[in-house]
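Breakdown of the fold
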Amino acid sequence: MNMRGEKEQKCFEYMCSILFTSKPFQGKNVYSVSDDEFLKYPYVYEAHGRGNIFFGMTQEEIRIFENVYRCARPNPNLNDFPDFVSDKGIIEHFQVTSSQTSRRGGSEHQRKHAEFQKQVDADEAALKEKIQMFPSPYEVQSVKHGFQYPKHSYHDFCKSFKKNWEHHVSRIDTYKGNKDTTIFMIEYLDGALHMCENFTVSDLKKNAFWGDMLRQEKYAYYRLSWDKELLNYIYTFKNKVDYVVLVTDMAAPEVIQLDAIPDLMKLNPNGFTIASPGVMGELQCLYGMSIPMAATSSEEDGRDEQT
């Protein structure tokens, strides 16, 4: 079977791991049973503890959504839309960024982080080789690398989101296969946006206590389900796209039915301020140490030291 690009395939497999259990039931797994078997006993094939990832969806609609993932396979035409096809619907994958982009649309964050990771991998490989070739018992050796995020903003995030969304929407009509259920699976991996509820009340009694009623919701990661601007935007495409999936490396994925967005907005009357908190970065460290081990049998081939 032909494979999609690594990013698309990895994201698809991640979502399948969230939706379905890998344990077989009566000798069958979720991918080998018939539609009737899956829809009759879906709970034996669904992953437990996946959390509240569905927004505005009934049990029946969740089953329809899951069945597309269950039946989807990589598009055999590798350069064609969509990324994954089935007789139940289609899944299209793309990534968005909150960093600035190049003229070709590449993410500055991803480009700089790829360069950073390449250096990290090289230095860590060199340290492992050094410890193995020249062991120094009980001496802790390490290599550390820091990466400071480039500039991020919600403005750049919306710009990237809308540009990519419209590009992929424009390709829907080019596909002549079954698209009864159309799913956009979007990845945001920068992890640079935080959210804070816009909570202001001006006509309450002054100098009074209100318990925790004035507590603002805050998230140290981005959630599409609370983003009123982009929810309003994607709702205008409800006749083209049925579900949007947001995948991040900071929290559980979100699965939103576009038809349910008006009801979703009712649960978010105040809206949220969305921004990058300023200076952000990451630190990667590798520690290594060689430990002498006395030979316990002739099978150790005379080795008296193991790294």
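Rules and cut-offs
- Residues numbered from 1 in each chain as written.
- Predicted model: local features only at pLDDT ≥ 70, side-chain atom pairs only at ≥ 80, totals over all residues.
- Heavy atoms only, no water.
- Disulfide = S-S within 2.5 Å.
- Buried < 20%, exposed > 50% of the residue type's maximum accessible area, 1.4 Å probe, protein only.
- Helix = DSSP H or I, 4+ residues; strand = E, 2+ residues; numbered from the N terminus.
- Pairing = 2+ DSSP bridges.
- 1 Å grid on protein atoms, 1.4 Å probe; cavity = no way out; pocket = protein on both sides within 12 Å on 5 of 7 lines; lining within 4 Å.
- Points joined across faces, edges and corners; volume = space filled by probe spheres on them.
- Nonpolar A, V, L, I, M, F, W, Y, C, P; charged D, E, K, R; others polar.
- Core = buried A, V, L, I, M, F, W, Y, C linked by side-chain atoms within 4.5 Å.
- Contact = heavy atoms within 4.5 Å.
- Phe/Tyr/Trp six-rings, centres within 6.5 Å; stacked < 30°, edge-to-face > 60°.
- Axes fitted to C-alpha atoms, helices over the stretch in contact; angles between N-to-C directions.
- Parallel < 35°, antiparallel > 145°, perpendicular 65-115°, else oblique.
- Left-handed = near helix turned anticlockwise from the far one by under 90°.
- Expected span 1.5 Å × (residues − 1).

**Observations concerning the state of the cysteines**
Throughout the structure, instances matching the rule amount to zero disulfides. Not engaged in a disulfide, the cysteine C71 finds its nearest cysteine sulfur in C16; these two sulfurs lie 10 Å apart. For C71, a relative accessible area of 19% puts it in the buried group.

**Digging into the pairing of strand β10 (residues 254–257)**
Of the two faces of β10, both are covered, the one formed by E254 and I256 as well as the one formed by V255 and Q257. In the sheet, strand β1 (residues 54–55) pairs with β10 via two bridges, with the strands oriented parallel. Note that in β10 the partner of F54 across the bridge is V255. Where strand β9 (residues 243–248) folds back onto β10 in an antiparallel hairpin, the turn is made up of five residues.

**Comments concerning the layout of surface pockets**
Estimated volume of the largest pocket: approximately 570 Å³. Surrounding the largest pocket, 20 residues form its lining, K10, Q95, E187, L189 and D249 being those nearest its centre. Going through the elements one at a time, α1 (6–19), α4 (108–133) and β9 are the ones with two or more residues in the lining of the largest pocket. Broken down by class, the residue content of the lining of the largest pocket amounts to seven nonpolar, six polar and seven charged.

**Details of the nonpolar core**
Counting residues in hydrophobic clusters, the biggest one holds 43 residues, and the most contacted among them are F157, F161, W165, Y222, L230 and I234. At six residues, the largest contribution of residues to this core is made by helix α5 (residues 154–169). In this structure, L230 is in contact with Y154, F157, C158, F161, K162, Y222 and L224, ignoring residues within four places of it in sequence. Formed by 27 residues, the second largest nonpolar core is a distinct cluster that contains V33, I53, V68 and A72.

**Some words on the packing of aromatic side chains**
Tallied over the entire structure, the rule returns 24 aromatic pairs. Each ring, one from F12 and one from F84, has its centre 4.3 Å from the other, and the planes form 15°; the classification is stacked. Placement of the pair is F12 in helix α1 and F84 in strand β3 (residues 84–85), with a sequence separation of 72 residues. Note on F12: relative accessible area 7%, which makes it buried. Since its relative accessible area comes to 0%, F84 is described here as buried. The structure contains a cluster of three or more aromatic residues connected by ring pairs, namely F94, Y154, F157, F161, W165, F184, Y188, Y222, Y233 and F237.

**Here we look at the packing of α1 against helix α3 (residues 59–71)**
Running from amino to carboxyl end, α1 crosses α3 at an angle of 130°, the nearest separation of the two axes being 10 Å. Judged by the angle between their axes, α1 and α3 are oblique. Of the two possible hands of crossing, α1 and α3 adopt the one that is left-handed. Together, F12, M15, C16 and L19 of α1 and F65, E66 and Y69 of α3 make up the contact between the two elements. Here the contact of α1 with α3 is built from residues that sort into six nonpolar, no polar and one charged.

**Observations concerning α5**
Look at α5: 22 Å from first C-alpha to last across 16 residues, which is about the 22 Å you get at 1.5 Å a residue. Residues of α5 that are buried: Y154, D156, F157, C158, S160, F161, W165, H168 and V169. Considering only its buried residues, α5 is in contact with β4 (90–96), β6 (182–188), α6 (228–235), β9 and β11 (272–275).

**Some details on the sheet that holds β11**
Read across the open sheet, the three strands follow the order β8-β7-β11; overall the sheet is antiparallel. The two strands at the open ends of the sheet, each matched to only one other strand, are β8 (218–219) and β11.

**Topic: the side chain of E66**
With respect to the helices, strands and loops of the structure, E66 is situated in helix α3. Beyond its immediate stretch of four places on either side in the chain, E66 contacts L19, F20, F38, E46, R50 and F54.

**So, the sheet that holds β1**
With mixed pairing, the seven strands of this open sheet are ordered in space as β1-β10-β9-β6-β4-β3-β2. With partners counted over all chains shown, the strands left at the sheet margins are β1 and β2 (73–74), one partner each. Of the strand pairs in this sheet, β6 and β9 are connected by six bridges, and their pairing is parallel. Bridging from a neighbouring strand, E187 pairs with V247 of β9. Each of β1, β2, β3, β4, β6, β9 and β10 is contacted by α1, which is oriented at about 105° to β6, the strand it contacts most.

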